[in-house]
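# Summary of the model geometry
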Amino acid sequence: MNNHIHDTVSKVWGLTTDLPELESQSQSRKCPTDRVFVNRSLSLDTIKYYGFDMDYTLAEYRTPYMEAETAKYAFERLVELGYPKEIGDTKYLADFAVRGLIFDKKMGNFLKLDLHGLVLTACRGTRKLTRREIRDEYPTKFCKLFEKTPEGENRFLQLFDTLFDTPKIFVVSIVIDWLEKSSNYAKTNSGYFDNSTSSLLTYPTVWSDVSLAFDMVHSKGLHSNIMKHPDLFIDRNPNLPKLLDYLQSCDRKVFLLTNSPYQFTDVVMKYLLDDLAGKKWTDYFDYIIVKACKPRFFNEGTPFRHINKTTGSANLGTHHADDMIQGEVYSGGNCDLFCQLTGAEGPDILYFGDHIYGDVVRSKKTNGWKTFLVIPELKHDLDVWTSETKLFERHHQLERKLGEFQAASGPSQDREVIRKLDQERKTLVDEIDARYNPYFGSTFRKGGRLSCFANQMDKYADLYAATINNIINYSLSHQFWSPPKLLPHEQTVAQQPGDA
């Protein structure tokens, strides 16, 4: 690396050590929560465009305060819709919901599924279902994503895969708790029936009411409160301006691509980036697109318009130009138009986002962008993984013993040993789950089985980390190497040493 780049990096990061020494630092020497993890090998040398989502990516919201406030506003809206006031008195359970859950609108359960649609864990309301209850309600433990009806495909499962979804999961669960305990409502196959009013409250209706309440929260309450008091809701990241400055100083193009409207984006980004030297937040980006309507942006998109920064409204008509101007703000458009105006190509782009579907799956699958998934909850997951070594070792030993006994067909007493070992294994899996989350366990797995969320992450996120800050620990010439993906016959069959 030449002296100019070395001096730039030292100045931007305030490094006190020599850069080559920093670059040579091995992965194992980095604190796990500071690392970037790799699903597919990627060289930062080839990345010319760095794109960022805003919410939960550039803007790190204060949880559980943010979630608790969101739930409080939603309960207030539900009371306006006719729900009892007492549901709003419930204390927010910060350790209840995890990302990647699915609400079964037929059975009223929240489910964590594996990649094949098999139920790993389930809750009705805030009560965790036992293994027997799960077998009774899902005899094959398989949950179909779609059901055929005379009218065609009818989706009856609702996926919750963003951090904005966790308070929704909590609010739906509290409503179901109330219905389960209410003396006025009798449980039926379709939902809950109130004899006094001859009314039926179904699970789809509950979800529809909660969804409407949250729409009202975001449009009328939460956004305005964040805009008035960003310091209450958002952690200011001192490394963010350094990161964006560094990227631009190394001749990388930096862009913001967010679904948030301009007025909200302007307040949040001013809070995060505007400094005393007079540099505006828009100076940190070469291109800015708000109200992008992802994931639609990665397909047909929406009309592309220029934003009047004085009024905050979009100009009439679609914007026609040969390029995008630095410091200006645009709304809508689509991926093809963006690449046409900026000269970017899919493999040139590394996009950072927290939304597994809207940010990562569609940008990767449809347009071939390189992807970086931001997973704030990974910090807690890594804490459990690194601190509960004895539990994980015991689980591995039990699985190995089970495999050895099951490989040999023995007498009935061996079958009894297998049954006891398997029961011990299940109990240990539950104990490990509780270390992550007392209701749903780890976001990424249950025992040896990956969750649907983890499978999507593995399939579509090239890189992932707990925060965008972690990219700071790697130079822009760094080569990320993914670990080998071994097949079962490669993992379990020992290779014979070759002849000397």
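Structure's up top.
Residues numbered from 1 in each chain as written. Predicted model: local features only at pLDDT ≥ 70, side-chain atom pairs only at ≥ 80, totals over all residues. Heavy atoms only, no water.

Okay, the overall build of the chain next. A tally of helices and strands in the chain yields 16 helices and 25 strands. Here the chain holds 500 residues, and the buried ones make up 49% of them. Partitioning the contacts of the chain with sequence separation of at least 6, the portion at a separation of at least 24 is 73%. Only carbon and sulfur atoms are counted for the fraction: they give 51% of the accessible area of the chain, which is about 24,800 Å². (Helix = DSSP H or I, 4+ residues; strand = E, 2+ residues; numbered from the N terminus. Buried < 20%, exposed > 50% of the residue type's maximum accessible area, 1.4 Å probe, protein only. Contact = heavy atoms within 4.5 Å. Areas by Shrake-Rupley, 256 points an atom, 1.4 Å probe, with all protein chains shown as cover.)

With that settled, consider the packing of aromatic side chains. Under the criterion given, the structure shown has 31 aromatic pairs. Between Tyr 192 and Tyr 203, the ring centres sit 5.6 Å apart and the planes meet at 90°, which makes this aromatic pair edge-to-face. Of this pair, Tyr 192 sits in strand β13 (residues 191–194) while Tyr 203 sits in helix α6 (residues 203–228); the two residues are eleven residues apart in sequence, bridging distant segments of the chain. When sorted by exposure, Tyr 192 lands in the same class as Tyr 203, which is buried. Between Phe 297 and Phe 298 the ring centres are 5.4 Å apart and the planes differ by 90°, which places this aromatic pair in the edge-to-face class. Accessibility expressed as a relative area gives 0% for Phe 297, which makes it buried. Members of the aromatic cluster, joined through ring pairs, are Phe 255, Tyr 287, Phe 297, Phe 298, Phe 338, Tyr 351 and Trp 369. Arg 236 extends its terminal NZ or CZ atom over the ring of Tyr 271, reaching a point 4.0 Å from the ring centre. Over the face of the ring belonging to Tyr 284 we find Lys 279, whose NZ or CZ atom lies 4.2 Å from the ring centre. (Phe/Tyr/Trp six-rings, centres within 6.5 Å; stacked < 30°, edge-to-face > 60°. Lys NZ or Arg CZ within 6 Å of the ring centre and 35° of its normal.)

What follows deals with helix α8 (residues 240–249). In terms of burial, α8 is a largely internal element, seven of the ten residues being buried. Every buried residue of α8 is listed here: Leu 240, Pro 241, Leu 243, Leu 244, Tyr 246, Leu 247 and Gln 248. Within two residues after α8, Asp 251 carries a phi angle of roughly 65°, on the positive side.

Turning next to the pattern of salt bridges. The full count for this structure, using the stated rule, is 27 salt bridges. For Glu 424, the salt bridge identified is with Arg 394, shortest N-O distance 2.6 Å. Here the residue Glu 424 occupies a position in helix α14 (residues 412–436), and Arg 394 occupies one in helix α13 (residues 389–407), the gap between them amounting to 30 residues. The salt bridge involving Arg 419 is made with Glu 416; its shortest N-O contact spans 2.7 Å. One end of the pair is Arg 419 and the other is Glu 416, both in helix α14 and three residues apart, which spans about a single turn. When its relative accessible area of 48% is taken as the criterion, Arg 419 is described as partly exposed. For Glu 416, a relative accessible area of 33% puts it in the partly exposed group. (Salt bridge = Lys/Arg side-chain N within 4 Å of Asp/Glu carboxyl O.)

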